[in-house]
Structures are given as C-alpha cells and as structure tokens.
Amino acid sequence: MLSKFETKSNRVKGLAFHPKRPWILASLHNGSVQLWDYKMGTLIERFDEHEGPVRAVAFHPTQPLFVSGGDDYKIKVWNWKTRRCLFTLNGHIDYIRTLSFHHESPWILSASDDQTIRIWNWQSRNCISILTGHNHYVMSAQFHPKDDLVVSASLDQTIRVWDISGLRKKHAAAPGTGPVDYDMRMGGPGGQGELFGNTDAMVKYVLEGHDRGVNWATFHPNLPLIVSSSDDRTIKLWRMNETRAWEVDTCRGHYNNVSSVLFHPRQDLILSNSEDKTIRIWDLNKRTALQTFRREHDRFWIMAAHPELNLFAAGHDTGLIVFKLERERPAHATHQNMLYYVKDKFLRSHDFQTGNDVPLITIRRGATGQVPPPRALSYNPAEHCALITSSQDGGIYELYSLPRGQGTGESVEAKRGTASSAVFVARNRFAVLDKTNQQIYIKDLRNEMVKQFKPPSTVQDIQYAGSKNILLITSTSVILFDTELRTSLGELNVTGVRYVVWAPDMSVVAFISKHTIVIATKELEQLCLIHETIKIKSGTWDDVGVFLYSTLNHIKYALPQGDNGIIRTVEQPVYLTRIKGKNVHCLDRDGKVRAIAIDPTEYRFKLALVRKNYNEVLHLIRTSNLVGQSIIAYLQKKGYPEVALHFVKDAKTRFELAIECGNLAVAVETAQAINREECWQKLAQEALKQGNHQVLEMAYQKVANYERLSFLYLSTGNTDKLRRMLKIAEKRNDTMSRYHNALYLGDIEEQIRLLKDVGQLPLAYLAAKTHGLTDEAASILAAAGLESEPDIPRGGQLLKVPTPLLRQGNWPQLAVSKGFFEQGLLGEGQAAPTTMENQVMRETGGWADEEAEVHETPQEAQRLDSVNAAVDFDGAAGDAWGLDEDLGIPDVIQPAAASPTESSTAGPRIPPPGTNFNDTWARNSGLAADHAAAGAFESAMQLLNRQIGATNFTRLQPLFLAAWQGSRVYMPMNAPLAPVALPLQRASERPLPHRALTLSSLLSKLQEAYAATTGGRFSEALATFKVILQQIILTVVDREDEVAEIGQLVDSCREYILGLQMELNRRGLSPETQSPRMLELAAYFTHCQLQPPHVQLSLQAAMGLAFRLQNFVTAAHFAQKLLEMNPSPGVAQKARALQDRAQQTPTDAVTIEYDKFNPFVVCGASYTPIYRGSPTTTCPYCRASYKPEFAGGLCSVCEISQVGAPGTGLRNA
C-alpha cells in the first residue's frame, strides 16, 4: 500500500471522493464535515451545521453538490461552490447511516436506524419512496451503477436487493407533472391501498447467510456480483441473475467486525477494512487474502474508492488515509524513435514515427496487489536486450533478449538475479547493486559476474551515465563513477534523487527529486536548481536543449540557466517520454501511449534570447502570437524593454516600457492617452535626461509646473516665452513667480513696479538707485514721504542673467544606429518619424488670463479668456519655439516628407546607458559574496538559500552592507551633483568586486577566540566563533587548498560553539537540584573536537565535577583520557591520584545519560547524545547534528540555516 495523504482528526465515519477534482469529503464523529485537497494536503473547508456525529457523506457525480447525514436525523444538501447548505431533508426518525446520489436521476438514497430506506428527489426536495422490510438498523444502502436496483444491508442479518424500475418508469412517464410528495400521497384518498400495494420499489432478493448483523453491501461495477461484510467477521460474495441470487463463497481472515467492503473498480480484487485495525486485499477469483495492512492503534470504520482513479480512502479512529495499492508509473526506456515499456504482462515497443505499438515478449508478473510492478527498465540497443528491475522479494532483476523482428508477445526465458538496481554500462556488460551488502557487480549478458567492488559511499540506487560510467545515488549526493578505473570522476550535492534524465547528446543531465530538479553538466557541475511545491512525476529533453517535466497538474519547461514556466495543464499525471516538434509523447497511468499537443514558442523564444540567437527571436516574434505578462516581465528582466514594447497593448504598461528604453515617441503617445500627473512627471524626467526641450515643455505644461517651465525657458534662452510666463504669473497673482520671471528677463522696470505693488518701497528704491533710474528712485522717496536720500551699501552687483549662447534646438545627441530588434520589427523603408508642431502648450488649463495691456492677436485675445483658459502660442511665434525639431512623435501633425534612406537611418537619439558594474559583477559570479557586493541582496539570499538552506538573514544584514560598501569608493562632485561611485575590483579574468572578507582576517579572529576560550571568557569566545562562522559565508578565496581550509574552519567553529553553549548552559544550572544534568553537559563537552589544550581543560573540569558528585567510575574514565593526552606533570599527578581514589570505590552515585563506549554526536538543540545508528538530521551549512524532531527549525549553532533543509553546499571560490 502506498500512502498518498493522511489526516489527523476525530473519528471518520463517512468518506466520498470527488469524481474530477482532487478532493475528498470526510464526515467526523464530532459533527463536522471536512473537505480536503489530497494532492496539496490542505483543508479547503469545514462544514459545522450538524448536531452530533455525521455518519454519511456523498458527492454528486456532475453537479456542485454534496449531501451529508448524521445522528440529528437530518439530511443536508450543500453547494460546494458557495460553501453553504442549500436545504435540509427531514423524514427519518433515527440515525442516518449512508447516503448516495443516483448516477442519472435527481435522487438521493438514504439508510437509517429507523429500519427504512428512503429515496429523495433533491430537485423537488421531497421523499418519493420509502423502502420498508428490514426489522433492524439499515447499515448501508447503495444504488446499482447501471441497473434499477438497490442493495441494502441490515443488522437483521439479511441483505436485500430492491427493484426500483417501477419508480423510475413512474417518474419518467410524466416528466411535465409536478413533484410527487410521498407523505402527501400516503394521506390521499387512495393512500391506504397504495401503502400495501406499492409497486414503486419491490424486494427482488433476500440474501441470508451471515450469522450476525451485516454492516455493508455493494454491487460490482460490471459483473452481477454483490459483496457484503458483517459482524460475524466474514466477507461473503453473492451472485445473482434475473430470477435468483445465491452465495458464492466466504472470505475469512478478519478477527473483529468487518466495517466495510468494496470491489476494486478496475481489477479482480476485493478490499475490506475492519475494527481489527487492518485493511485486507482479497483475490476475487480465488477468494484468498493477498495482502494485509495494519495500523497499531486505530480501528477502521469506512472505505471509499475513487470513481475514476486507482485511489482508495479509509477512515479510522484518528483520521483518514488516502492510498493506492501499487505504483502506477510504467517502467519505460527510450531509444531514438522507439519507446519500450511494460504494460500488464508484456514488454511492448512503440514507434514514435509510425505509431506502431506491439507486444515484444511476455514477462513474468505475479498477481496484482500481491507482487509490485516493475520499477525500472534499462534498454541495450547494441544487443537489443532489456533489464527489468522490481522491488519484489527485496529486489530482483530480469535480463531479456528481445526478438529482432516483429514481436509476437511470446514468452522468453529470462536470466534473473537479486538486486535493487541494474543498468547497462557497456554493450555486453551491466551493473548490479546489492544494496544490503553495499556491493556493485559487473556482469556479462550470460549473467556471470565479471568483477565486483564496494562503492565509496552508501549507495541507494545506480543509474546509467554513459559507457563504462554509472551514477551512484546516495542520500545526500550523486557520484559519477568509472567502473573500469573504479574511481569517482565527480560529485554533486543533491538529496533525494529519484530519477535521472540525460539529454540526447549526454551533455547535460537532470536529477529529479520529489520537489526539486537539478540540472548539471556531464561533469556534474550544477547549472540550476528548480523547486516545485507539488510532486514532480517525470521529465525529458527537447531537441533544442530545454528540459520538459510533468507534475501532478502541469507540463512545464526549464531552461539550463534556471528559467522555468508552464506549458499546459493536464487533468491526470503523465510520464513524459519524448518531445517531437509540437507534440509531447507520454505514458499515462494505464500504460497507454499518448501524444499531447503543446506550444513550444515561449520556451524556444526564451532560449533564443538566452543564447543571443536574435534571428530566431525575430522569427518567433513575427510568426508567433506571444502574449502575456510573463513574456513582458521576462523581456524587462533580461534587458530587452524595446522588444517587450512590441507585445504590449495596455497603455500604462507601454508607457513604463517606453520610459525604460528611452522611447520618447511612444511615451508621449501613451502619456496623452493616460493623461495622469505621475505619467507626465516621469515623462518630464526622461525628456530632461535626453535634453528634449519640446517634450519637457509639454510635460511641465500638463502638470502646471510654472517654476520649472520658467527655468527651462531661461536655460534655453527663450525670452519671448519668459515674457509670456511673466504675464501669466501676473494674472495668477503669483508674486514670487512674477518677480522670478522679471529677474530672469532682467526687466528692472517690472521688478520695481512689482516691489512697489507689494509695498516693498525700500527694496524698490534700492533697485532703482542701483540700476541708475534716478527719476524713479526720487518718485519712490517722495511716495514714502522722505526728503533725504538714505545711504546705499557700496560694492553691490547687478542681478542680471547671462546671455544664452544656444537659444534653439534640443541638446546634441549621438547618432546611434537602430538596434537589431528595432530594425527587424519596424522593417526597412518605413516612413521617418513625424515632427511635433506648435502643440506644445495646447489643452493645458490654468495658464493665462486676458490682459488689456498685452498686445496680442485677436485670436490669442480670445484664447486668453480666463485664468484657466488654454494657452496657445501659434502663429508667428512658432519658429521662435524651435518646434521644427523632429521628435518622432506620431499622430501629432502630418508626417514630414522623407526619403526611404532617411527614414530607415536613425536620427539623433540618446545612446543606451552602459552596463552597470553591479550587474556585471552579479552576472559574472555565482558567489553570494559577490552578489552582496553588487547590491543584489535578493539574489545573494536566494543563492544562500539554495546552497546552505539559509533562512535567517538578520545576522547577515551587516555583512551584506559591509560587502557592498567595501566594493566601491565615492568621488565628490560640485554641488548639486551626486558623488560618482567608482568600483573596487579584485584581480581576476572577469570583472569581480573587491573582497571585503579574507581568510587571513578570519584566522586572526580565530586566534582571538582561542585566547578567550583559554582564558575562560566563554561568552566572548562564543560570540567571536559565531562571528567567524557567519563571516565565512561571505568570504571569497581563490585556491582549492583555501577552500579546504574554509571547510575545516567551519568544522572548528561548529565544535567550539556547541561546546561553549553547553558549558554556559551548565554554569547556569543549580548544583543542588540539577547536578546530574551538569555532569552530562560536562561529559558531552569532552567529546567536542577542540584543540588539545582545550580538550584537556574540558576533561579536567568533567573529571573534577564527576569526582565531587561521587561518580568515581566516570571520573576515572576522564582521568584516563586526560593522561593519554600527555598533560603537564602537575595535571598528570592529580589525574593519577584521582584514579587511585576511584579504584577504591568503583561506583557511580548519580545516573546520567552517557555511554562512554558508544560513539555519539551531540544534538545542537537538546544537548543530548545521538548514538551511532540513530536517526539524525543536520544543518546544511555548519553540519551540526540534530534529532529528527528538530528538523525545520533554525540551527542554534550558526543561527543562519534551517535544520534538515536541502543544500548544494557553500561556494567560496
């Protein structure tokens, strides 16, 4: 039995599978109904409206309904979409035992302890028939899957088969009539006669044979058979025909009440469960027990079978279990255009080109449910033979020689042997793994051993790896092994590998675990790691080098550098065998070869971008319908926003992409469509960056940014528009804007007039006197009532702006050729971009009012009608605005005439920014330290999570910032410019950042930690060791010997941190009440791998403590270990004296958990020993050991990684 899903809950009394969705309903004894997703292992919803235990539940086969019934005598019909109860059916007067929907009619069948069976119409919400006849509780009632029959089981020791064809005909005869209420019909004029002469449902057979009450009875899905289970601990098989029914046989084996029983929907099996805490599988034909599955403490109460899949569920005292009887993955192998696979009792071949599928040979296969199916198939094309391995009898293999011609399915003698795995390694050799003895045997095709050897590690499985080579799969790694030289060629840290898939050219390989895929080169250098939340089922390689894999719900793709995505959804899991064009060839769980159509455009497009095959990219853009946010986001991420712009229709997204790639023409077009302030602000920033006055002017006008607009006119020398801005400011009554514009223009008369208007006569006099306007200064004095002239400070300078040298035109730009994609997407001979005419200040409200003193044309006077009127500077002033520059903004004016040559050649445009050194560093390195130095903290954290399972980055935050700050220097610039960042790079072939942390600095800190340990400053030493352990993560080295030294440093820090933590813990305990625990911690401290002086100190401490607690045997043990280390004479004399004293009383007064003769490691969380052979889990970074119950928690040693998390190993070089 293969368990797929388990829950922990109250006793489960009812179960029901949804026919299409991966859902199961469970009704509980505590009155709740739970809806579970057994694929994801999550509780979807809980329904709590029943009072008392709920014993029955059922899904409708097609409608979004389910029904439940319980001890409150109520039947509730629910809608699982709205997740509420629709209505309640009342009528039973005792507990409701079972419920079921009819497969065609709108009927619900219910069985109750009131000794009746009722049929309800859930559409009319009425009872349409009551089946009476049982004289005890009716424990179950089921519709026949095809015929108009009902079978019921009762504690009156009988099974009754009811004919409901009359009821069906009655309701089918008058489809237009209203619903018939059974209770009302009984009270009508003819009700009494109909009560005794009811022909709607009649008893067809009464089956008697059980000695005690019958708990369950059900029909076979296809054959005229009934199976029943009873409190007499037996299972009976019954056969029926048109006239009678009789007992066929009895299955005995349960030793308590048999709760439920059912037929296997697809195989000749019977499944039963019982209160004896077992599930048993029976052979339908031989009526013999095949398998028994037992739980230790839970009685079984109910069982259900999935209507379409090979899934079963059983409810017990503490929850439910969803299981299947055997693996459904067909053993298969692919070679060129041929697929070889095992189905039923045949080894078959399938030709992908012709679709020809024939059985080659018959293989030995035991009874279904008793013998597991073949696990793997290895094919030898040179000798045309196959190896089939199975887990039967601890693991066996069978070597078959296949017929050369057309197969006939005839039986062929096989050469057999015992092994857990077997694969071909040469044209006439195959390797066999003896997992028990950890031996690998090389055999020839005569099944004779050629040589044998012991693998370098404990091997769980072996896989093919090319001629002479095999992959050794261990629990934590994969080793590439040469069977001739008997040496390891490479190793990759990856856990839980279940399947290995090689590319057709053997250049790359994919290792498939339960939830991860690791893609590596043939030398086992990891390329990427992909994690899935749901189970991965299979995978295969496309011809272009993309890995396609299937999960429970999807077919997905993975590029070699790590990008992945969904190709399509599948209803049921499939096992991929080959990709050919736009078809995926696969096997389903029934062993049928299928071809599923897919669209490979997305992953081929991404692969072409990664490989910089731009011609292929352009071809796919032109010929394919690539849409979707994922493509747009991918192009942005890879630095191709101009290509993403081609796919986008949404105005907001187009605007963002246009800003990113500097396309002002598209940005203006989309900003006008969106017309939001934040868009115009972004457009203004981009136009200012490119020096495009006209677009910048338009953007400032749209957001009414008067100050910046005036400064723009000042910097471009446009005095005419500055004068207009002065008039606008005057009409807006904006004094400061009016003064600024007058100042920008150098118009002293306007400045003096403004100062006089606002009452600033001293400033007005000062301005007039300074600028030589004597008459105006005198009039100001007279207006102020002053007769004598005030003193004016000497040395003042006139406030006059310099004369602009460049008055018109945008800033000069480099002439940059159009990019590859722009040329390809736009094509040759396209019209040149249109120019922007005098529309810069159109349709912008709130700019100017009409002014009598301003001499404007009549048309302009009409437009300057109010403060909020639009300002338009058409006419003669158009040339002075410099609007004849070609901005490339379409739909603004009519396109200018241009020759094809001019239109196809790019005009002046801003060059794209150069590559940022941060991006270069992150791209050139796979080290987390370099990513942190580049400021790519997120990718650095992702790398550390994959490499060492890091989850707590709080400790690493200061190190990340230090690495980033130490990789650059800043050169200050003139205000207000920002300082320029200059990269600090180390000497290497590719640009890489400066190393902030070095091995030598770590070693100096290590000496400080050693000194603190020797001096007894344990808290200080512990903090230093933790700092070293955390700094190692971001330390970069160059040589292999330094990498090894880093590994030794990690081990040293781990041992000291663990030992010091135990010592500090010991010192915090109370000697009066916790002396045994103190001695345990002191003893464990002596087993830490410390420097010899520190080991001696720990032994002295443990020896003294044991002696004080009168544990003389333990103290003598520590004294002996201390003497073996050749201590100083004084220490040796003390140890020998203690040994002599201990020999006089060789006893231990205190019992402690410490076995000095059994090797162990110390758990980093509980500080208790983990003896050799006990289950353990480790930290993926510091490799500290923990007991299994601490898996998933934070490592207390390094405080960085998650205990038990997968990790590929820290990279420092």
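A closer look at the overall build of the chain
Assigned secondary structure in the chain consists of 31 helices and 62 strands. Across the chain, every contact between residues at least 6 apart in sequence was considered, and the portion connecting residues at least 24 apart equals 49%. When the accessible surface of the chain is summed, it comes to about 56,500 Å², and 49% of that surface belongs to carbon and sulfur atoms.

A short note on the pairing of strand 3 (residues 23-28)
For strand 3, a buried count of 6 out of 6 residues is recorded, marking the element as mostly surrounded by other parts of the structure. Here strand 3 shows two buried faces, one formed by Trp23, Leu25 and Ser27 and the other by Ile24, Ala26 and Leu28. Where strand 2 (residues 12-17) meets strand 3, 5 bridges bridge the pair, whose relative direction is antiparallel. Directly across from Val12, in strand 3, lies its bridge partner Leu28. Hairpin connection of strand 2 to strand 3: 5 residues between the antiparallel strands.

Here's the deal with the confidence of the model for the chain
Predicted coordinates in areas of low pLDDT are best not read in detail. Here the chain averages 82 in pLDDT, and 85% of its residues register 70 or above. Counting interchain partners and residues more than four positions distant, the pLDDT-below-50 stretch residues 174-197 has 26 contacts. Scored below 50 in pLDDT, residues 828-907 makes 161 contacts in the model with residues more than four places away or belonging to other chains.

Observations concerning the pattern of salt bridges
By the definition in use, this model includes 49 salt bridges. Arg11 is the partner of Asp317 in a salt bridge, and the nearest nitrogen-oxygen pair spans 3.2 Å. Remark: Arg11 occurs in the loop between strand 1 (2-6) and strand 2 and Asp317 occurs in the loop between strand 27 (312-316) and strand 28 (319-324); sequence separation between them is 306 residues. The exposure class assigned to Arg11 is partly exposed, which follows from its relative accessible area of 23%.

Focus: the environment of Ser737
Examined against the element boundaries, Ser737 turns out to sit in helix 14 (residues 735-745). On the basis of relative accessibility, which here comes to 5%, the residue Ser737 falls in the buried class. Sequence separation between Ser737 and Tyr706 is 31 residues, and the spatial gap between their C-alpha atoms is 7.8 Å. With sequence-adjacent residues up to four places away left out, Ser737 is seen in contact with Ala729 and Arg732.

Quick notes on the side chain of Asp71
Tracing the backbone shows Asp71 in the loop between strand 7 (65-70) and strand 8 (74-79). When residues no more than four places from it in sequence are discounted, the contact partners of Asp71 are Glu51, Pro53, Arg55 and Tyr95.

Re the sheet that holds strand 26 (residues 300-305)
Across the sheet, which stays open at both edges, the 4 strands sit in the order 1-28-27-26 with antiparallel pairing between neighbours. Strand pairing shows two members of the sheet lacking a second neighbour, strand 1 and strand 26, which therefore form its edges. Neighbour-to-neighbour, the strand axes of the sheet open up by a mean angle of 25 degrees, direction not taken into account. Bridge analysis of strand 1 against strand 28 gives 4 bridges, and the strand direction is antiparallel. If you follow Leu2 over to strand 28, its bridge partner there is Lys324.

Digging into helix 4 (residues 601-610)
Two residues of an α-helix separated by three or four positions point the same way, owing to the 3.6 residues in each turn. With 7 of 10 residues buried, helix 4 lies mostly within the body of the structure. For helix 4, every residue scored as buried is listed here: Thr601, Tyr603, Phe605, Lys606, Leu607, Ala608 and Leu609. Looking one or two residues beyond helix 4, the residue adopting positive phi is Lys612, at roughly 60 degrees.

A few points about the sheet that holds strand 46 (residues 499-502)
Read from one edge to the other, the open sheet built from 4 strands follows the order 46-47-48-49, with strand pairing classed as antiparallel. Looking at the sheet topology across the chains shown, the edges are occupied by strand 46 and strand 49 (526-531). Within the sheet, the average angular offset between the axes of one strand and its neighbour, ignoring direction, is 15 degrees.

Brief notes about the nonpolar core
As a rule of thumb, nonpolar side chains are buried together in soluble globular proteins. Among the nonpolar cores identified, the biggest contains 86 residues, and Leu944, Phe1025, Leu1029, Tyr1181, Cys1182 and Cys1195 are the most heavily contacted of them. When residues in this core are grouped by element, the largest group, 9 residues, is from helix 27 (residues 1040-1067). Excluding its chain neighbours within four sequence positions, the residues that come into contact with Cys1182 are Leu1029, Val1050, Arg1054, Cys1195, Val1197 and Cys1198. In this structure, Phe655, Val666, Met698 and Leu712 belong to the second largest nonpolar core, which totals 31 residues.

Here we look at a nonpolar patch on the surface
Residues Val969, Met971, Met973, Leu977, Val980, Leu982 and Leu984 make up a contiguous nonpolar surface patch of roughly 550 Å² in combined accessible area. Of all the secondary structure elements, the ones that give two or more residues to the nonpolar patch are strand 57 (968-971) and strand 58 (980-983).

Here's the deal with unusual backbone geometry
Its identity as a non-glycine residue notwithstanding, Tyr73 has a phi of 70 degrees, on the positive side. Even without being glycine, Asn1126 reaches a positive phi, approximately 55 degrees. Relative to the assigned elements, Asn1126 resides in the loop between helix 30 (1112-1124) and helix 31 (1129-1144).

Details of the packing of aromatic side chains
Inspection of the entire model under this criterion finds 26 aromatic pairs. Members of the aromatic cluster, joined through ring pairs, are Tyr1084, Phe1118, Tyr1154, Phe1160 and Tyr1171. Between Arg732 and the ring centre of Tyr706, over which it is positioned, the NZ or CZ distance is 3.5 Å. Above the plane of the ring of Phe1112 lies Arg1141, whose end atom (NZ or CZ) is 4.9 Å from the centre.

Side note on the packing of helix 26 (residues 1018-1032) against helix 27
Taken N-terminus to C-terminus, the directions of helix 26 and helix 27 make an angle of 150 degrees; their axes are 9 Å apart at the nearest point. Comparing the axis directions of helix 26 and helix 27 gives the class roughly antiparallel. Between helix 26 and helix 27 lies a crossing of left-handed hand. Residue-level contacts link Phe1018, Ser1019, Ala1021, Leu1022, Phe1025, Lys1026, Ile1028, Leu1029 and Ile1032 of helix 26 to Ile1046, Leu1049, Val1050, Cys1053, Tyr1056, Ile1057, Leu1060, Gln1061, Glu1063, Leu1064 and Arg1067 of helix 27. Counted by class, the contact of helix 26 with helix 27 contains 15 nonpolar, 2 polar and 3 charged residues.

Quick look at the pairing of strand 46
Neither face of strand 46 is open: one carries Tyr499 and Val501, the other Val500 and Trp502, and all of them are buried. Note: strand 46 against strand 47 (residues 508-512), 4 bridges, orientation antiparallel. Across the sheet, the residue bridging to Val500 is Phe511, located in strand 47. Taking the residues between adjacent antiparallel strands as the criterion, strand 46 and strand 47 are bridged by 5 residues, where Met506 takes a positive phi near 60 degrees.

The rules we used
Residues numbered from 1 in each chain as written. Predicted model: local features only at pLDDT ≥ 70, side-chain atom pairs only at ≥ 80, totals over all residues. Heavy atoms only, no water. Helix = DSSP H or I, 4+ residues; strand = E, 2+ residues; numbered from the N terminus. Contact = heavy atoms within 4.5 Å. Areas by Shrake-Rupley, 256 points an atom, 1.4 Å probe, with all protein chains shown as cover. Buried < 20%, exposed > 50% of the residue type's maximum accessible area, 1.4 Å probe, protein only. Pairing = 2+ DSSP bridges. pLDDT = per-residue confidence, 0-100. Salt bridge = Lys/Arg side-chain N within 4 Å of Asp/Glu carboxyl O. Axes fitted to C-alpha atoms, helices over the stretch in contact; angles between N-to-C directions. Core = buried A, V, L, I, M, F, W, Y, C linked by side-chain atoms within 4.5 Å. Patch = residues over 30% accessible without salt bridge, like charges linked within 9 Å, V, L, I, M, F, W, Y side chains within 5 Å. Phe/Tyr/Trp six-rings, centres within 6.5 Å; stacked < 30°, edge-to-face > 60°. Lys NZ or Arg CZ within 6 Å of the ring centre and 35° of its normal. Parallel < 35°, antiparallel > 145°, perpendicular 65-115°, else oblique. Left-handed = near helix turned anticlockwise from the far one by under 90°. Nonpolar A, V, L, I, M, F, W, Y, C, P; charged D, E, K, R; others polar.

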